[in-house]
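Chain residues, written in single-letter form:
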Amino acid sequence: MTKQCDVVIENVRIASMQKNGKAYGILSQSCVAIKDGKVLAIFGSSDTSYQSSKKVDGENKWLLPGFIDCHTHLVYGGNRANEFEQRLQGKTYTEIAQQGGGIQGTVNATRDASELTLLTSAIKRAARLVKEGVTCIEVKSGYGLDLDTELKMLKVAKQISEHLPVSIIPTYLGAHTVPIEYRSNPDDYVQFVCDQVIPAVAGQQLASCVDVFCESIGFSPAQCRKIFAAAKTHKLNVKAHVEQLSDLKGAKLAAEFGAISVDHIEYLDPKDIPALKQSGTVAVLLPGAFYYLSETQKPPVAALRANKVPMAIATDLNPGSSPIASILTIMNMASVLFGLTPEEVLQGVTLHAAKALDIANKGQIQTGMDADLCLWDIEHPAELVYGINQHRPAAKWFAGREC
Ligand code: NIG
Ligand code: FE
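Labelled according to an unreviewed UniProt entry, the chain appears under the name Imidazolonepropionase, originating from Paraglaciecola psychrophila 170. Quoted verbatim from the Pathway (unreviewed entry) heading of the UniProt record, the comment on the chain is "Amino-acid degradation; L-histidine degradation into L-glutamate; N-formimidoyl-L-glutamate from L-histidine: step 3/3." Listed in UniProt under the heading Sequence similarities (unreviewed entry), the comment for the chain reads: "Belongs to the metallo-dependent hydrolases superfamily. HutI family."

Right, dumping it as structure tokens:
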């Protein structure tokens, strides 16, 4: 019996990224049938059951899942080129933040920006990622901090998907820095986040996750605990920026709340890794911020690997610590700077990134999953990690549609 589908992609080598015991989840079949935005079937060239008026010859190129950038802050006003200059004159990221710059500088610019201005600049940044094969982006708020601007940022984030072939997963990051108006009573700000913003975000379904910055220049573990509890009350997932600049035991705390990811983790104590394994938390590595801030403390990759904690990779695209709108560059950095293998890096931007966002239908080429696919003119998947600025997708499908 023949089955009609919307598109058949033939003659491809498939790196499915499934965990099927083969490197890169390589499959022996060479054809993919797409219907209603999903992968209907993966089959061999001799199988004639799948028919479509639209057939694409993949010319023996490699088909991979679309990449997922699971940690960005790409909605923001202004930029921080001035701080880049200050840092080159010797000031640290922490000193700049303590002097009222850093995140607060971007908060001022974001509060002043109209929704349209924010959307226009966010689309430009997201488009850079999309051109490199990204089909899903997590976007955090956190540059508004007051109720209106946080909701404005989350609405802008959602709108990006109306302009580009990409899905957006918005995350509420109210606990990014204590805003200037609350600097003398930070606990009141935490209360405001818990009592007013989280219920509004959940009520309007503007985000599925709540994130925090657990750090001396961010929020204490006790404050993060309150925010996690409020997030859970409102049935939102928990994620956390932890152990980026020091070890405050934020990862352990996040694990206690079943966090879907802990991000940065350069200063993570290997002793805390079993707790992450137990809670099923993904370790999100952000080599762009490590590179850009000229950090020297590397995340405990060997211990994460030994404990089988899934590692994801993301751009952390933001105006302060990682103004890097290139997932492919970040993928190379993850290998060169942190020592991940090319296969680990590709898992980090596909199936592990999906897990870091708690999305079940993306990040692998598999029957029933979203048909977000990229075709690459390469001889082996490792080439996508090995070079910098060498490749762009030869073809791309988002939700089954060529784009
Ligand atoms: O992930 N660590 C906190 N947040 C961002 C930086 C934001 C900024 O500097 O604007 C990060 O690195
Ligand atoms: Fe971040």
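So that's the structure; there's more coming.
A.B. asks: An account of the overall build of the chain is needed here, citing residue identities and associated values.
C.D. replies: The number of helices and strands found in the chain is 15 helices and 20 strands. Against the globule reference of 22 Å for 403 residues, the chain gives a C-alpha radius of gyration of 21 Å, in line with a compact fold. Looking at the chain as a whole, 55% of its 403 residues are labelled buried. Within the chain, contacts between residues at least 6 apart in sequence are counted, and of these 71% link residues at least 24 apart.

A.B. asks: Tell me about the sheet that holds strand E10 (residues 67-69), residues and numbers included.
C.D. replies: The strand order across the open sheet formed by 8 strands is E10-E11-E12-E13-E14-E15-E16-E17, and the pairing between neighbours is parallel. Looking at which strands have only one partner, the edges of the open sheet turn out to be E10 and strand E17 (311-313). For this sheet the average axis-to-axis angle between neighbouring strands, irrespective of direction, equals 25 degrees. Where E10 and strand E11 (residues 134-140) come together, 3 bridges link them in parallel fashion. In the strand pairing of E11, Ile68 is matched with Cys136.

A.B. asks: Lay out the domain arrangement of the chain with the relevant residues and their values.
C.D. replies: According to the domain assignment, the chain consists of domain 1 (3-65 + 364-402) and domain 2 (67-357). Listed as interface residues are 18 residues of domain 1 and, on the opposing side, 19 residues of domain 2. Breaking the side of domain 1 that touches domain 2 down by element, the ones donating at least two residues are helix H15 (383-386) and strand E19 (395-398). Examining the composition of the side of domain 1 that touches domain 2, we find that 3 residues originate from one element, H15, more than from any other.

Analysis parameters
Residues numbered from 1 in each chain as written. Chains lettered and ligands numbered in written order. Predicted model: local features only at pLDDT ≥ 70, side-chain atom pairs only at ≥ 80, totals over all residues. UniProt positions renumbered as here; feature names shortened; annotations may be inferred. Helix = DSSP H or I, 4+ residues; strand = E, 2+ residues; numbered from the N terminus. Rg over C-alpha atoms; globule rule 2.2 N^0.38 Å. Buried ≥ 20, exposed ≤ 12 C-beta atoms within 10 Å, placed from the backbone. Contact = placed C-beta atoms within 7 Å. Pairing = 2+ DSSP bridges. Axes fitted to C-alpha atoms, helices over the stretch in contact; angles between N-to-C directions. Domains from an automatic or database assignment.

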